[in-house]
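Understanding the architecture of this molecule
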Amino acid sequence: METLCLLYLTDTSHVQYVQNAASIPGHRRKHGPVEEVGNEDRSGVDSAGKFRVHLFRSGDAAAYEPLVNTVISTLHNVMQTLQSVSMMHVGALEARRWAGLVFAAGPDDGVGLRIAFVTPDGARRDLDDWYRMVSRVGPHAADGSYARMEFECREAPPAASTLVLEWSRREDAVALRVTVKAPGRLEVIGDAPWGWEGRWEAEGGAAGAADAAEDRGWAAGEGGGGTGATAGHTGTGPAHGAATAAGDPPVWRARLNAAEIVAVFADGTEWCRAPDPGRGEVARGLEVADGEAGRVAMVAVWGGADPATRAAGLVGEVDRWVDHARAEWRRRRPRAAAHPGLVESIADNLMWMVLLQPETGRLYTPAGRRWIFPRPPAPGAADSREPDDWTIFGWDTFFNALLFAQASGELAWSTLLAGTESRYPNGNVPNWRSRRGGTPDRSQPPVGSFAALRLYRIHPDLESLSAAYAGLLAWSDWWVADKGGRPRRAGLTPGLLAWGSDTDLVPGPGRVPPWEEGASGHQRAAWESGQDDLPLWEEAEWDPGREVLAMSAVDLCSYRALDLECLARIARILGDEPTAHRLEADYGRLAATMNRVLWSERAGLYLDELPGGHSTRIAASNFLPLIAGIPSRRRARRMIETLRDPARFRGEWVLPTIPRNDPAFADQQYWRGSIWPPMNYLVLQGLRRYGFNELAAELAWKGAKMFLRDRARTGMCRENFDSRTGEGCGQRFQSWTPLLALGALEELGDQPPG
């Protein structure tokens, strides 16, 4: 009788040989069906490159033991190579690296490259200096096959591109090309992001490089630089191998824990003194004369037996490689018919925002590359306020996951799980959290289950949904957990909620950024709302006894209802029926209380509850009951009357955070009148839920056109927009701004089921 024999590999150290494929628990669930073949062994790698299988039949499995041993050995070696290739994350993965790359082989393991530029008058552009020099973001393929960034080297506001950085990845190799059309010195600096231990070791290149550098005033020999054939070695350890001969290309090597990486430069650059050789930095430079163009080309290779030889063989093909990658990405990149700017504006901006949590190796997306908060000083150390290793914001992260669904399901789930895993042990997904700091006292709007449910419908992944579910459920329960005999965020009427802050959990002095030092409870509660300076919060006093604003907030109650509804649906998908029943019952009680207490027939809106009755002020967030399914059809139509009123919310530029006739509208400062992408997107979903399709289409396309117009004019992805002019305001590059494009993209039929 034939015996089915299956060899499969789960990772590089775990090889199993079994005599019956059916004995592998969950084999079909994890790996899918395996093709049965005859006596001949065959192999295949799944699309993610994660495992390899060999399947064969034999009447006597023992007779095949030598073959099995050979296959095991071969697969082990192959998978070690595949793992080193697939594990390497490449990109501008460190926040200050506006112009540069990180090669991350694993947690706290890798090296970096960055671009610097020195003008003829000595002004230096490096790291954060590039923030105001960005002139164009993208294109950027999710698989790293092609990426491009453009900068303006001059002091004038970015209006042109005088420096173009392009790179392209092919599995275990990356080609980098930098082109500059401005007089000055272009530098490529090899460094160690986050203070990693990995270091580049520079080998000399052409003979006489140090003399040429000295002639140009580049201080050859300073900082440990050598002369002759080994010029460029920084003193971080002996140069690798023998000295290179004259005419050999310059080489940098880095020995990492998981792999060796070798970078080879094409002709044209010369050794120059790195900005910080004491930290093991190395550098190569290129002088560019006025009216000329300069070009730096480099190939980095890792894995395999001889990466240096492979890199040297590829470096002469950088132009052909990068040009082909650019053309290929133009051909195959996802597009929306007749509206090509929509998908591009989402993918390009979000891909450039992807950063790395260095200690875990996880990719995540911050609120923006500038939103990395300072690290708290070590005990007894001076307060240098250096940026922390990463910073995750609550609701920004979940909106980013939704956006990533248009580019990469893998990155979308990674971003969402980074958000749920930022939670504290009590379940709180905080306002923000960094590697060394955070806000254990407060959270942000609970939109995580809404994002997870929509993401699952676009990119079904039960394992990721299940991983997110535990954190989302803990977060949901955190809002109403017992605190002094009442729910944590209890509003004025039992069953309703208010924004707050747990004072006893506020980090002590020096543990928060300077602007949060000494913040009042009222301000911390406003930060929890996500609408930091919304005028409506001025109507509510801080209740120090209950540690909440003395109100019942329409927006928080709506977020809570949406969270309960979406979480119940997730529970059913995962087969957790008891929890689904509990959440649905909680939703029903909350909806009934909102309809009884917060609805104002006179105003035709749900209004915040204050100690003296309903608030007289409203905001765009007063329409959030629509997305949570709270109002009846009749009440929903009443609400739309306010939204259609040009004296309040309707207009050429929509949706303002507060009505146009509010006394604070002229401020156009943050949430005092500006247009914010997340609020536009949430209200848009509410309009669609109730079938107000014409108004939804108007809101979606006006928002998209405003965003794309500003992006085309400035090259930026602004934080918010002026409701009077449609011009971008706030941070230059914000991760969630393409929500304005996503809303319009959904109008074209790409909207997931409701």
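This one's a predicted model, so the numbers in the text were calculated from it and none came from an experiment.

Spatial ordering of the open sheet is given by β9-β10-β11-β12-β19-β16-β15-β14, a layout of eight strands whose pairing is antiparallel. Edge strands, defined here as strands with exactly one partner in the open sheet, are β9 (134–140) and β14 (201–203). Averaged over all neighbouring strand pairs, the angle between strand axes comes to 15 degrees, with direction disregarded. Two strands pair when backbone bridges link them, and strand β12 (residues 173–180) and strand β19 (residues 294–302) are joined in this way by eight bridges, in the antiparallel orientation. When the sheet's bridge partners are listed, arginine 177 is paired in β19 with alanine 297. Where helix α4 (residues 307–314) meets the sheet, its contacts fall on β11 (163–170), β12, β15 (251–255), β16 (260–265) and β19, and the angle it forms with β19 comes to roughly 150 degrees. Sheet strands in contact with helix α5 (residues 318–332) are β9, β10 (147–151), β11, β12 and β19, and its direction is about 95 degrees off that of β12.

Moving on, we get to the packing of helix α8 (residues 409–420) against helix α9 (residues 448–458). Here α8 crosses α9 at 160 degrees, and the two axes come no closer than 11 Å. Of the possible angle classes, the one that applies to α8 and α9 is roughly antiparallel. In the crossing of α8 with α9, the sense of the turn from one axis to the other is left-handed. Listed contacts from α9 to Ala412, Trp413 and Leu416 of α8 are Gly448, Ala451, Ala452, Leu455 and Tyr456. Grouping the constituent residues of the contact of α8 with α9 by class yields seven nonpolar, one polar and no charged.

Here the focus is the nonpolar core. Membership of the largest hydrophobic core comes to 179 residues, with the highest contact counts inside it found for Phe103, Trp130, Leu687 and Phe733. No other element matches helix α12 (residues 554–573), which puts twelve residues into this core. Grouped together as the second largest cluster of nonpolar side chains are 19 residues, Ala173, Val262, Val299 and Val322 included.

Our next topic: the pattern of salt bridges. Evaluated as defined, the whole model comprises 68 salt bridges. In this structure, arginine 96 engages aspartate 128 in a salt bridge whose closest nitrogen and oxygen atoms are separated by 3.1 Å. Pair noted here: arginine 96 is in the loop between β5 (89–91) and β6 (100–106) and aspartate 128 is in the loop between β8 (124–125) and β9, with a separation of 32 residues, a long-range link. As a salt-bridge pair, arginine 332 and aspartate 143 come within 3.0 Å of each other at their nearest N and O atoms. Here the residue arginine 332 occupies a position in helix α5, and aspartate 143 occupies one in the loop between β9 and β10, the gap between them amounting to 189 residues. By relative accessible area, arginine 332 is classed as partly exposed at 34%. Overall, the relative accessible area of 46% leaves aspartate 143 in the partly exposed class. Salt bridges sharing partners connect three or more residues here, namely Glu94, Arg97, Arg114, Arg124, Asp126, Arg185, Glu187, Asp191 and Glu281.

What follows is about helix α7 (residues 394–404). For α7, the buried fraction is high: eleven of the eleven residues fall into the buried class. For α7, the full list of buried residues reads Gly394, Trp395, Asp396, Thr397, Phe398, Phe399, Asn400, Ala401, Leu402, Leu403 and Phe404.

With five of five residues buried, β10 is to be regarded as a mostly interior element. Alternating positions in β10 separate into two faces, Ala147, Met149 and Phe151 on one and Arg148 and Glu150 on the other, with burial throughout. Relative to β10, β9 runs antiparallel, the two being bridged by four bridges. When the sheet's bridge partners are listed, valine 137 is paired in β10 with methionine 149.

Burial analysis of strand β13 (residues 184–191) places eight of its eight residues in the buried class, which makes it a mostly covered element. Relative to β13, strand β7 (residues 109–118) runs antiparallel, the two sharing seven bridges. Bridging across to β13, arginine 114 finds its partner in isoleucine 189. By the bridge criterion, seven bridges tie β13 to strand β18 (residues 282–288) in an arrangement that is antiparallel.

Before going further, it helps to examine the side chain of glutamate 281. With respect to the element layout, glutamate 281 can be found in the loop between β17 (270–271) and β18. In terms of polar contacts, glutamate 281 uses its side chain to reach the side chain of arginine 114, at 3.1 Å. Only 3.0 Å separates the side chain of glutamate 281 from the backbone nitrogen of aspartate 276, close enough to count as a polar contact.

Confidence in the prediction of the protein, expressed as mean pLDDT, is 86, and 82% of residues score 70 or more. Predicted confidence is poor over residues 205–246, with pLDDT under 50, and the contacts of this stretch with residues over four places away or in other chains come to 80 contacts.

It is worth spelling out helix α6 (residues 340–353) at this point. End to end, α6 covers 21 Å across 14 residues, agreeing with the expected 20 Å (1.5 Å per residue, within 8%). Residues Leu342, Val343, Glu344, Ser345, Ile346, Ala347, Asp348, Asn349, Leu350, Met351, Trp352 and Met353 constitute the buried set of α6.

Our next topic: the environment of tryptophan 371. Following the sequence through the fold, tryptophan 371 ends up in the loop between β21 (362–364) and β22 (391–393). Excluding anything up to four places from it in sequence, tryptophan 371 contacts Thr391, Phe393, Tyr670, Glu719, Gln731 and Gln734. A distance of 2.9 Å separates a polar atom in the side chain of tryptophan 371 from a polar atom in the side chain of glutamine 734.

Criteria and cut-off values
Residues numbered from 1 in each chain as written. Predicted model: local features only at pLDDT ≥ 70, side-chain atom pairs only at ≥ 80, totals over all residues. Heavy atoms only, no water. Pairing = 2+ DSSP bridges. Helix = DSSP H or I, 4+ residues; strand = E, 2+ residues; numbered from the N terminus. Axes fitted to C-alpha atoms, helices over the stretch in contact; angles between N-to-C directions. Contact = heavy atoms within 4.5 Å. Parallel < 35°, antiparallel > 145°, perpendicular 65-115°, else oblique. Left-handed = near helix turned anticlockwise from the far one by under 90°. Nonpolar A, V, L, I, M, F, W, Y, C, P; charged D, E, K, R; others polar. Core = buried A, V, L, I, M, F, W, Y, C linked by side-chain atoms within 4.5 Å. Buried < 20%, exposed > 50% of the residue type's maximum accessible area, 1.4 Å probe, protein only. Salt bridge = Lys/Arg side-chain N within 4 Å of Asp/Glu carboxyl O. Polar contact = N/O pair within 3.5 Å; in protein donor to acceptor, adjacent residues only side chain to side chain. pLDDT = per-residue confidence, 0-100. Expected span 1.5 Å × (residues − 1).

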